[in-house]
Amino acid sequence: MAKSSDYRVLRRLVPREIFTPSDGQTKTAILLDVETTGLDQNKDEVIELGMVKFDYLPDGRIAGLRDTFTSFNEPSTPIPPEVTALTGITNEMVAGHRIEENSVSSFVEDAVIVIAHNAGFDRKFAERYWPVFQCKAWACSATEVEWRKHGFEGSRHGYLLNGAGFFHQAHRAVDDCHALLELLAFQLPMTGTSALSVLLEQARKRTMRVWAEQSPFDLKDALKRRGYRWCDGSDGRPRSWYIDVEESQLAVEIAFLRTEIYLRDVEPRLQTLTAFDWFSIRS
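Predicted model only: the values in this text are computed from it and were never measured. (Residues numbered from 1 in each chain as written. Predicted model: local features only at pLDDT ≥ 70, side-chain atom pairs only at ≥ 80, totals over all residues. Heavy atoms only, no water.)

A. Fine view of the nonpolar core. Within the largest apolar cluster, 56 residues are counted, with the highest numbers of intra-cluster contacts made by Leu 32, Met 51, Ile 115 and Phe 133. Every residue in contact with Ile 115, bar those within four places of it in the chain, is listed here: Ile 30, Leu 31, Leu 32, Phe 54, Ala 139, Ser 141, Leu 180, Leu 184, Leu 196 and Leu 199. Counting residues in each nonpolar core, the second largest holds 15 residues, with Ala 212, Leu 250, Ile 254 and Ile 261 among its members. (Core = buried A, V, L, I, M, F, W, Y, C linked by side-chain atoms within 4.5 Å. Buried < 20%, exposed > 50% of the residue type's maximum accessible area, 1.4 Å probe, protein only. Contact = heavy atoms within 4.5 Å.)

B. Seen up close, the pattern of salt bridges. Under the definition given, this model contains 16 salt bridges. A salt bridge links Arg 66 to Asp 110; the shortest N-O distance between them is 2.9 Å. Residue Arg 66 is found in strand β4 (residues 62-72), and its partner Asp 110 is found in the loop between α3 (101-108) and β5 (113-116); the two are separated by 44 residues along the sequence. Between Arg 206 and Glu 247 there is a salt bridge, with the nearest N and O atoms lying 2.5 Å from each other. Of this pair, Arg 206 sits in the loop between α7 (195-203) and β8 (207-212) while Glu 247 sits in the loop between β10 (240-246) and α9 (250-261), placing them 41 residues apart in sequence. With relative accessibility at 37%, the residue Glu 247 sits in the partly exposed group. Three or more residues joined by partner-sharing salt bridges are found here, namely Lys 53, Asp 55, Arg 66 and Asp 110. (Salt bridge = Lys/Arg side-chain N within 4 Å of Asp/Glu carboxyl O. Helix = DSSP H or I, 4+ residues; strand = E, 2+ residues; numbered from the N terminus.)

C. Representation of the sheet that holds strand β6 (residues 137-140). What the five strands build is an open sheet, ordered β4-β3-β2-β5-β6; its pairing is mixed. Looking at the sheet topology across the chains shown, the edges are occupied by β4 and β6. On average, each strand axis in the sheet is inclined to that of its neighbour by 25 degrees, with strand direction left out of account. As judged from the ten bridges shared by strand β2 (residues 27-36) and strand β3 (residues 46-56), these two strands associate in the antiparallel manner. Within β3, the residue paired with Ala 29 across the bridge is Phe 54. Sheet strands touched by helix α4 (residues 119-129): β2, β3, β5 and β6. Its angle to β2, the strand with the most contacts, is close to 90 degrees. (Pairing = 2+ DSSP bridges. Axes fitted to C-alpha atoms, helices over the stretch in contact; angles between N-to-C directions.)

D. Region of the structure containing the pairing of β8. Most of β8 sits inside the fold, with six of its six residues counted as buried. The alternating pattern of β8 places Thr 207, Arg 209 and Trp 211 on one face and Met 208, Val 210 and Ala 212 on the opposite face, and all of these are buried. Strand direction decides the pairing type here: β8 and β10, joined by six bridges, are antiparallel. By the bridge assignment, Thr 207 is partnered in β10 with Glu 246.

E. Structural detail: the packing of aromatic side chains. This model, assessed by the stated rule, comprises eleven aromatic pairs. Here the aromatic cluster, defined as three or more aromatic residues joined through ring pairs, consists of Tyr 129, Trp 130, Phe 133 and Trp 138. Positioned above the aromatic ring of Phe 107 is the side chain of Lys 53, whose terminal nitrogen or guanidinium carbon lies 4.7 Å from the ring centre. A cation over an aromatic ring shows up here: Arg 226 above the ring of Phe 256, its NZ or CZ 4.2 Å from the ring centre. (Phe/Tyr/Trp six-rings, centres within 6.5 Å; stacked < 30°, edge-to-face > 60°. Lys NZ or Arg CZ within 6 Å of the ring centre and 35° of its normal.)

F. View of the environment of Arg 204. Inspection of the secondary structure puts Arg 204 in the loop between α7 and β8. As for Arg 204 and Thr 274, which are separated by 70 residues in sequence, their C-alpha atoms are 7.5 Å apart.

G. The side chain of Ser 194, seen in detail. Positionally, Ser 194 belongs in the loop between α6 (173-185) and α7. A relative accessible area of 10% means that Ser 194 is categorised as buried. In terms of polar contacts, Ser 194 uses its side chain to reach the backbone carbonyl oxygen of Gly 60, at 2.9 Å. Dropping the residues within four chain positions of it, Ser 194 is found in contact with Gly 60, Arg 61, Leu 184, Ala 185, Phe 186, Gln 187 and Leu 188. (Polar contact = N/O pair within 3.5 Å; in protein donor to acceptor, adjacent residues only side chain to side chain.)

H. Quick look at the sheet that holds strand β9 (residues 229-231). Taken together, the four strands give an open sheet; going across it, the order is β9-β10-β8-β11, and neighbouring strands pair in antiparallel fashion. The strands lining the two open edges of the sheet, one partner per strand, are β9 and β11 (269-273). Strand-to-strand twist across the sheet, computed as the mean angle between neighbouring axes with direction ignored, equals 35 degrees. Pairing of β8 with β11, which is carried by five bridges, proceeds in the antiparallel orientation. Bridge pairing links Trp 211 to Arg 269 in β11.

I. Spatial organisation of unusual backbone geometry. In this model, Leu 263 sits at a positive phi of 60 degrees, which is unusual for a non-glycine residue. Here Leu 263 is to be found in the loop between α9 and β11. Judged by its relative accessible area of 66%, Leu 263 is exposed. One non-glycine residue, Phe 279, lies in the positive phi region at around 70 degrees. Within the secondary structure, Phe 279 sits in the segment after β11.

Such coordinate-based values are descriptive only and should not be taken to indicate function.
Spelled out as structure tokens, the structure:
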């Protein structure tokens, strides 16, 4: 990346296959991105799936690109004009195309983790279309790496890529995956390790979901300020406020409920979550 005190030159991202030569046991991961007709994960449809398969070493260094997958999917209704304007995907491009479940399953079966830059969005669509993703561990490169702490302006894909010295063709699924692979290989100045290493460390942790069932109605604002979210019970989960905390903070959270909400000793419902649960429509 050429730069001076007055300007900086961004390079067009060209996908590469070689990263760190493998000198030990590697594992396989999948980068995934979907383009859809809208944001509603219950009714909108996938129009493109892109995946990049790669190998990585135990310390988080990327060993190399394994394979890519890209396919269109024709939705049941025309693609909204604003989606075409954003992605460049037209009704003519997707006409007659279907994403075969067997092809997707075969591509991801040997991966130990699936990574998306907005996993809370992509995982829900992926699980709805292809059940194989329900039994995979997932990680989110947008929310599980503290990018600002490492000198980036934000966590949006474009900001990160520019911060790493690149630009690319955004909002096409497989292109976004190649861009994400380059970001995960980037050495973070604060740690001296790759972004993938930081992400994998986070993905290995467990979180605890604490349910504040039957909490006093007049204290709902206190729960909201604390970071609790409301579940209306329509999906089979408790009709209650809840919060996800790291295991190390569980005792603090229970103490908050006992002293600030219930004013008595309580044993709240607890749920252990791992990367197999995070971002899923089932959690």
